[in-house]
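Chain by chain, the residues:
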Amino acid sequence: QDKVTIYGMVEDEIDIINDVVIDKEGKVDGVLIANNAMIAGEFRGIADVRLVFKLLETAHVQCDLKAYEIITDKGAFFSGNFERHPDMNVAASEL
């Protein structure tokens, strides 16, 4: 499965069919739409993730999030709203 990894700064909409990774040095300010998202850096905006939204310990996230599942590592920061996608009768993939 292909992943798109963001290492720098993005101020725009990211609409990916597969998975998005925001690297520890990455910063995204905007809209994120993806199957799965793994955040190690910073994200601010609106996220619509069909399956798993995972925050690693270095993540700093301020967003309105809609996802099937959210996973946060110890030390990760999340501020915002969370709405769960309805059960889509699929197993959440492991990032």
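Thresholds, definitions, all that
Per chain, residues are indexed from 1 in the order of the written sequence. This being a predicted model, a pLDDT of at least 70 is required before a residue's local features are given, and a value of 80 or more before pairs of side-chain atoms are given or counted; all residues contribute to the totals for chains, interfaces and linings. Computation of side-chain values: all heavy atoms of the structure, hydrogens and water removed. Put simply, DSSP H or I for four residues or longer makes a helix, DSSP E for two residues or longer makes a strand, and each gets a number counted from the N terminus. Whether two residues are in contact is decided by their heavy atoms: any pair within 4.5 Å suffices. Here the open area of atoms and residues is found with the Shrake-Rupley method and a 1.4 Å probe, where only the protein chains shown may cover a residue. Relative accessibility decides the category of a residue: with a 1.4 Å probe and only protein chains considered, values under 20% of the type maximum give buried, values over 50% give exposed, and everything between is partly exposed. Two aromatic rings, drawn from Phe, Tyr or Trp (for Trp, its six-membered ring), form a pair once their centres lie within 6.5 Å of each other, and the interplanar angle then sorts them: stacked below 30 degrees, edge-to-face above 60, tilted otherwise. Distance and angle both matter: a charge sits over a ring if NZ of Lys or CZ of Arg is within 6 Å of the ring centre and within 35 degrees of the ring normal. By salt bridge we mean one thing: a side-chain nitrogen of Lys or Arg within 4 Å of a carboxyl oxygen of Asp or Glu. You can read pLDDT as the predictor saying how much it trusts each residue, on a scale of 0 to 100. As used here, the term nonpolar core means buried Ala, Val, Leu, Ile, Met, Phe, Trp, Tyr and Cys residues forming a set that is joined through side-chain atoms within 4.5 Å.

So, about the overall build of the chain. Each helix and strand in the chain was counted, giving 0 helices and 9 strands. Moving toward the C terminus, one meets the helices and strands of the chain in the order β-β-β-β-β-β-β-β-β. Here the analysis covers contacts within the chain between residues at least 6 apart in sequence; of these, 10% occur between residues at least 24 apart. If you sum the accessible surface of the chain, you get close to 5400 Å²; carbon and sulfur atoms cover 46% of it.

A few words on the environment of E57. Structurally, E57 can be placed in the loop between β7 (42-55) and β8 (60-72). Non-local contacts of E57, meaning those with residues more than four positions away in its chain, are made with D73, K74, G75 and A76.

Looking now at the environment of V49. You can see V49 is positioned in strand β7. According to the relative accessible area criterion, V49 is buried, its value standing at 0%. As a C-alpha pair, V49 and K66 span 17 residues in sequence and 6.1 Å in three-dimensional space. With sequence-adjacent residues up to four places away left out, V49 is seen in contact with A34, N35, N36, A37, L65, K66, A67, Y68 and H85.

Now for the packing of aromatic side chains. For any pair of aromatic rings, the description rests on two quantities: the centre-to-centre distance and the angle between the ring planes. By the definition in use, this model includes 0 aromatic pairs. Against the face of Y68 rests R84, its NZ or CZ located 4.4 Å from the ring centre.

Attention shifts here to the pattern of salt bridges. By the definition in use, this model includes 2 salt bridges. For R44, the salt bridge goes to D29, with nearest N and O atoms at 3.4 Å. Within this pair, whereas R44 is found in strand β7, its partner D29 is found in strand β5 (residues 27-34), the two being separated by 15 residues in sequence. A relative accessible area of 28% places D29 in the partly exposed class.

A separate point is the confidence of the model for the chain. Within the chain, residue pLDDT values average 91, and 89% of them lie at 70 or more. Low pLDDT (under 50) marks residues 91-95, which in the prediction has 13 contacts with non-local residues, meaning those over four places away or in another chain.

What follows concerns the nonpolar core. Counting residues in hydrophobic clusters, the biggest one holds 20 residues, and the most contacted among them are V20, L32, I39, F43, A47, F53 and V61. Listing elements by their share of this core, those giving two or more residues are β4 (19-22), β5, β6 (36-39), β7 and β8. With 5 residues, the single largest contributor to this core is β7. Setting aside its immediate chain neighbours within four residues, V20 contacts V4, I6, I14, L32, A34, N36, A37 and M38.

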